Amino acid sequence: MHTLSTLKIALIGGGNMARGLIGGLLGRGATAAGIIVSDPFVAAREALERDYGVTTTDDSHAAASRADVVVLAVKPQLMRPVALDLAPALSQLPLVISVAAGIRISDLKRWLGPGIPVVRAMPNRPALIGAGASGLYAGEEVSAAQRALAEQVMRATGLCLWVGSEADLDIVTALSGSGPAYFFRLAELMAEAAVVQGLEPGTARLLAAQTLAGAGQLVATEMAAEKPIDLARMRAEVTSKGGTTEAALAVFDSRGLGVTVAAAQAAAARRSEELAEQFGAAG
């Protein structure tokens, strides 16, 4: 089995997700010499070479032709032409990892060619700083060794968990993929409410942001200690009987926060399914 230090990895697309993956891989033992990035924009290539010392090119065929792993890190609407163009360079059948939302494995295989082992990964924005949460799903051609390889690569972005079906990735998209925005929105609303109550706007934003960051760090500390994650217990530990937090949570419950969150995530999962149909129908 390959180690990160011997792996040849080609990234097709040099945007934010690629940068996060490169930084994580280098921090875990991959070498800059083992990573090549294909991107059509000169400025993006120059920045990657300067910041990480990796090789870059505007030729995706050259990037993928000798790779053990090819990571497709382009926008979903660009995936079909990129994959069709890339297909002739994949004769050695490398492991392909797609981090594009809403692109089904069946469509990727149709565009890339038969026999290509494909793993889909659904990361989220914290993956850019190695604090991500990703769902993984493997296609039929992916061996146990290749699954382990995909997990090894994607762990560079944070937590990685395998899901039981490709449809589960739509739920992952709604939960962890879109989830950071839910927390940002809640913190935004908390700050706005504090301003209405009389707090200075800059102070309100800083307190809301640090509260969000601190709560996440508490959970991360428990995860690092390999404790069972019990969010209800953590909530109870900061909720005194008859106190201020209990009063606020009672309003959340009485106003139907649980129903609202469930409906929101259902809408996000439904949209993920619709996008998959849209992108697949394109070719």
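1. Comments concerning helix α8 (residues 179–196)
Over its 18 residues, α8 extends 26 Å from the first C-alpha to the last, a length consistent with the 26 Å expected when each residue adds 1.5 Å. Those residues of α8 that sit buried are G179, P180, A187, A191 and A194. Projected down its long axis, α8 shows its buried positions confined to an angular sector of 120°, all on one face. Along its buried surface, α8 packs onto α7 (168–177) and α9 (201–224). Looking one or two residues past α8, G198 carries a phi angle of roughly 120°, positive in sign.

2. Details of the packing of aromatic side chains
Here the distance between the centres and the angle between the planes together describe a pair of aromatic rings. All told, the structure shown has zero aromatic pairs when counted by the stated rule. Above the plane of the ring of W162 lies R147, whose end atom (NZ or CZ) is 4.0 Å from the centre.

3. Some details on a nonpolar patch on the surface
Together, L159, L161, M223, I229 and L231 make up an exposed nonpolar region whose accessible area comes to about 460 Å². Examined against the element boundaries, L161 turns out to sit in strand β8 (residues 158–162).

4. Topic: the pattern of salt bridges
By the definition in use, this model includes 12 salt bridges. Between R104 and D170 there is a salt bridge whose closest N-O contact spans 3.0 Å. Of this pair, R104 sits in the loop between β5 (95–98) and α5 (105–112) while D170 sits in helix α7, and the two are 66 residues apart along the sequence. When its relative accessible area of 16% is taken as the criterion, R104 is described as buried. The buried category is assigned to D170, whose relative accessible area is 2%. Between R155 and E151 there is a salt bridge whose closest N-O contact spans 3.3 Å. Connected through shared salt-bridge partners, R19, R50 and D51 make up one network.

5. Things to note about the packing of α8 against α9
Their axes nearest at 8 Å, the elements α8 and α9 cross at an angle of 145°. Considering only the axes of α8 and α9, their crossing is right-handed. Across from F183, F184, A187, A191, A194 and V195 in α8, the residues of α9 making contact are P201, A204, R205, A208 and L212.

6. Section: unusual backbone geometry
Despite not being glycine, L93 shows a phi value in the positive range, around 55°. A residue is classified by how much of its surface remains accessible, and L93, at 41% relative accessible area, is partly exposed. For E226, which is not glycine, the phi dihedral falls at a positive 55°. You can see E226 is positioned in the loop between α9 and α10 (231–237).

7. Observations concerning the sheet that holds strand β2 (residues 35–38)
In space, the eight strands of this open sheet follow the order β3-β2-β1-β4-β5-β6-β7-β8, with mixed pairing throughout. What marks the edges here is a single partner per strand, and that holds for β3 (55–57) and β8. On average, adjacent strands in this sheet sit at an angle of 25° to one another, irrespective of strand direction. Relative to strand β6 (residues 118–122), β5 runs parallel, the two being bridged by three bridges.

8. Here we look at the nonpolar core
Ranked by internal contacts, the top residues of the largest apolar core, which has 30 residues, are L11, L25, I35, V71 and I97. Breaking this core down by element, the ones donating at least two residues are β1 (9–12), α1 (16–27), β2, β4 (69–72), β5, β6, β7 (132–138) and α6 (144–154). Setting aside chain neighbours within four positions, we find I97 in contact with V69, V70, V71, L72, V119, A121, A150, V153 and M154.

Cut-offs and rules
Within every chain, residues take consecutive numbers counted from 1 along the sequence as written. Local features in this predicted model are restricted to residues whose pLDDT is 70 or higher, and side-chain atom pairs enter the listing and the counts only when it is 80 or higher, whereas totals over whole chains, interfaces and linings include all residues. Side-chain numbers come from the whole structure's heavy atoms, not from hydrogens or water. A helix here means a DSSP run of H or I that spans at least four residues, while a strand means a run of E at least two residues long, and both kinds are numbered starting from the N terminus. Multiply 1.5 Å by the residue count of a helix minus one, and that product is the helix's expected span. Categorising residues by exposure relies on relative accessible area from a 1.4 Å probe, with only protein chains included: less than 20% of the type maximum marks a residue as buried, more than 50% marks it as exposed, and the intermediate range marks it as partly exposed. Directions drawn from the helix axis to the C-beta atoms are what define this arc. Contacts are residue-level and defined by heavy atoms, with any inter-residue pair within 4.5 Å sufficient. Note on ring pairs: Phe, Tyr and Trp rings are taken, using the six-membered ring of Trp, and paired if centres are within 6.5 Å. Classes follow the plane angle, with under 30 degrees stacked, over 60 edge-to-face and the rest tilted. A ring is considered to have a charge above it if a Lys NZ or an Arg CZ atom is located within 6 Å of its centre and within 35 degrees of its normal. Residues enter patches when they are more than 30% accessible in relative terms and free of salt bridges; like-charged ones are connected within 9 Å and nonpolar ones (Val, Leu, Ile, Met, Phe, Trp, Tyr) within 5 Å. Using the Shrake-Rupley algorithm and a 1.4 Å probe, accessible areas are obtained, with residue cover drawn only from the displayed protein chains. We define a salt bridge as a contact between a side-chain nitrogen of Lys or Arg and a carboxyl oxygen of Asp or Glu at a distance within 4 Å. Angles run from 0 to 180 degrees between N-to-C directions of axes, and those axes are lines fitted to C-alpha atoms, restricted for helices to the stretch in contact. In this scheme, a crossing is called left-handed if the near helix is turned counterclockwise away from the far one by less than a right angle; it is called right-handed if the turn is clockwise. Note on pairing: two strands pair once DSSP finds at least 2 bridges between them. Side-chain atoms within 4.5 Å link the members of a nonpolar core, which is a set of buried Ala, Val, Leu, Ile, Met, Phe, Trp, Tyr and Cys residues.

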